[in-house]
Structures are given as structure tokens and as C-alpha cells.
Amino acid sequence: MIGFDRIGLREAVRRHGTVARIVIVGHKGSTPRETGVSMQVWADGQSGTIGGGALELAAVDHARRGLGSGPGVSTLNLPLGPGIGQCCGGAVNLVIEIFDEAALDELDDDSVRVRMTRPPRETADFPDRPPPRVQRVVEAMHGGTKTRSTCFVDGWLIEPSARPERNIWVYGAGHVGRSVVEVLSGLPFAITWVDFEASRFPEEVSSSVRPLVTDPNSPHATGLAPDDADHLVMTHTHSIDLDICDRVLRRRFRSLGLIGSRTKRQRFAGRLRSLGHSDEMISRLTCPIGIPGLGKHPRAIAVGVAAAYLVDAPNDIGTLRIGDTPG
């Protein structure tokens with residue numbers, strides 16, 4: 001996701017120690033990725049991407065060489081094209097920040113993060129306060145008169161806190177649920193993963209995933225979801241699936257997807273009618289989930305679900321109608 005992701009960065013530092021964060025703060029011409037995109041780099045690994053190829057290779061190498069120096073900030077300007085062997089003809093400006101636990105603990109919780117990336121030419125010191133031009137940009141973001149997006153003004157980097165594009169609630173931590181969460185967690189989504197036994201979750205999950213254990217006899221977790229949530233139902237029994245679908249259809253939601261076959265959808269439609277739901281509401285239930293032709297493998301289903309969310313203009317995963325899945 002675009003923006004400063006404190007939670008994801010803290011999780012990376014917890015796992016890997018010192019971590020470099022690379023963010024595109026400006027671009028001109030044809031470039032692989034846009035301003036605001038970031039990635040993380042540590043001694044023996046990385047996550048995210050700023051576009052791959054020679055651009056990313058040079059940026060990662062620069063970041064790794066700075067890890068041993070401890071917390072700090074640097075800038076890197078990279079013209080693309082023949083100089084680094086990329087066919088893009090543009091240029092990117094990067095800021096690389098090094099973080100450890102102590103550096104993270106010094107960060108404030110402001111929804112817009114502002115920091116100087118290089119001192120002014122007339123001094124070697126970093127000023128304590130942003131200049132008036134930068135302050136006006138920040139105030140406009142806080143006041144809602146300017147879109148919250150990454151800005152680079154007079155050497156100051158202004159970044160809003162990262163916000164997921166969608167809130168997705170996944171019910172069930174079986175083999176399909178695990179594949180779905182694994183694929184979705186690499187995208188700009190906030191995922192709440194619901195099951196009835198803590199042991200069903202993997203030992204480690206992405207920072208974008210919140211495991212939630214609930215009582216199987218009362219899947220009240222549906223009531224905790226925001227009104228714009230997408231719900232994906234794939235528990236271990238049809239009866240619990242039905243109960244969750246019933247509860248979601250009685251409240252506000254963005255989309256509702258159910259693992260299964262067309263036969264399962266027909267049976268659920270009849271049962272949902274008997275529970276008092278109109279055909280109009282039942283039409284919002286997408287079952288099966290996925291994309292035709294990708295197959296029934298859990299990972300194939302997950303890829304289809306992710307694709308449906310990513311191209312979903314009318315905010316309903318039913319816009320990509322879906323091939324049969326097991327059930």
C-alpha cells in the first residue's frame with residue numbers, strides 16, 4: 001500500500017533487526033512505479049517492490065550498504081535508460097531511511113509524517129521545524145483541502161499514514177482460507193481472518209492480517225466488521241457458512257463471497273429465502289468465488305479472488321463471475 005506503514009515496518013524490524021525503507025518521492029517521464037511506492041530491505045532479504053530491474057537492484061544495493069551505519073536518511077537520484085540498462089526513459093528520486101527499534105520508538109503517531117531528508121545548502125544541520133511552505137502542505141492535508149499523498153517539498157518528505165484500499169474479512173483457516181489470505185496479504189488490503197480455533201492459524205502471519213478467534217456457535221464477528229467490508233466465507237461446515245451469510249446479509253457490507261459450487265449457491269439461496277431474505281439481497285451473494293478457467297486448486301482460487309477485487313469497479317466481486325470451486 002502507498003503511505004507510511006508503521007505496523008508493517010515495526011513487524012519487519014522485529015523479525016530482521018535493522019531495516020531500510022526505500023520510497024519513491026518523485027518521478028519524471030516513463031518509470032516502472034509511481035511516487036509514494038515503497039519497499040523494505042534487510043541484510044538477507046526484502047519485501048515489496050519499486051519496479052524491479054536495474055533500478056531496484058541499484059536502490060537495494062545502496063540501501064544494504066547503509067544498514068551497518070545505523071538509523072539515518074539519504075537520497076538517491078536514478079536516471080533510467082541506457083545508463084542502467086532499462087528501457088524506461090524517465091528518472092526517479094528515492095529516499096532511503098534506516099530503522100531499528102530505537103528509531104521506531106521515536107516516531108510520533110501523527111497521521112501525516114514529515115521529515116527532512118537533507119540539510120539546506122547553507123548549513124550542515126537539519127532544522128527543527130518545517131519551513132512555512134511545507135507546513136502549509138501538511139495543514140492542507142490535515143484539513144482535507146489537499147489529497148493525502150506523498151509529497152517531496154524543498155527536501156522535506158511528507159507522507160500520510162498508509163491506509164488499505166479494502167477491508168476484507170475471511171472466515172475459515174482451512175487450506176483455501178490459508179491460500180486466499182497468503183495471496184491477499186501481499187496487496188493493499190487490511191485482512192481480518194476469523195476462525196474458531198487458534199491452532200488453525202499459522203504461527204506467523206503478515207502485519208496486514210489480524211487473526212480473530214470466535215465461538216463457532218455464535219459467529220458474531222460479522223457484527224464487528226466495518227460497513228464497507230468484503231466478506232469471504234469458507235469455513236469447515238455448510239451450517240456455519242450459512243449462518244455467517246445470513247448475518248452479513250442483515251447488515252451493511254461491500255461484497256459477500258462464498259466458497260462452493262453453483263449447486264451450493266442454489267441450495268443456500270433457498271435456505272436464505274426461508275430465513276426472510278429477498279431475492280434482491282440474495283443476488284449480492286457471489287458463489288462460487290474465483291475466475292473461470294483458473295481451476296480448483298486453492299492457490300488458483302485465491303488468485304482469482306484477488307484479481308476480482310483489484311479490477312472491481314462497481315464494488316462487488318460478483319462482477320467477475322466465477323468458475324466452479326469444490327463444495
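**Student:** What exactly am I supposed to notice about helix H6 (residues 238–249) here?
**Tutor:** Since there are 3.6 residues in each turn of an α-helix, residues three or four apart along the chain are aligned in direction. An ideal rise of 1.5 Å per residue puts 16 Å on 12 residues; H6 measures up with 16 Å between its terminal C-alpha atoms. Among all positions in H6, only Ile240, Asp241, Leu242, Ile244, Cys245, Asp246, Val248 and Leu249 are buried.

**Student:** Teacher, can you tell me more about the sheet that holds strand S2 (residues 38–42) here?
**Tutor:** Pairing between sheet strands relies on hydrogen bonds along the backbone, with the strands arranged either parallel or antiparallel. Strand order in this open sheet of five strands is S3-S2-S1-S5-S4, and the pairing throughout is antiparallel. Both edges of this open sheet fall to strand S3 (45–48) and strand S4 (72–79), since each of them pairs with a single strand only. Adjacent strand axes in the sheet meet at a mean angle of 20° when their direction is disregarded. Across four bridges, the pairing between S2 and S3 is antiparallel. Bridging from a neighbouring strand, Met39 pairs with Gly48 of S3. Those strands touched by helix H2 (residues 53–67) are strand S1 (19–28), S2, S3, S4 and strand S5 (91–99), and its axis lies near 50° from that of S2.

**Student:** Explain the sheet that holds strand S7 (residues 151–153) here, please?
**Tutor:** With antiparallel pairing, the three strands of this open sheet are ordered in space as S6-S8-S7. Across the chains shown, the open sheet's two edge strands, defined by having one partner strand only, are strand S6 (112–116) and S7. Here the strands of the sheet are splayed against their neighbours by 20° on average, with no regard to which way each runs. Where S7 meets strand S8 (residues 156–160), three bridges bridge the pair, whose relative direction is antiparallel. Bridging across to S8, Phe152 finds its partner in Leu157.

Conventions adopted
- Residues numbered from 1 in each chain as written.
- Predicted model: local features only at pLDDT ≥ 70, side-chain atom pairs only at ≥ 80, totals over all residues.
- Heavy atoms only, no water.
- Helix = DSSP H or I, 4+ residues; strand = E, 2+ residues; numbered from the N terminus.
- Expected span 1.5 Å × (residues − 1).
- Buried < 20%, exposed > 50% of the residue type's maximum accessible area, 1.4 Å probe, protein only.
- Pairing = 2+ DSSP bridges.
- Axes fitted to C-alpha atoms, helices over the stretch in contact; angles between N-to-C directions.
- Contact = heavy atoms within 4.5 Å.

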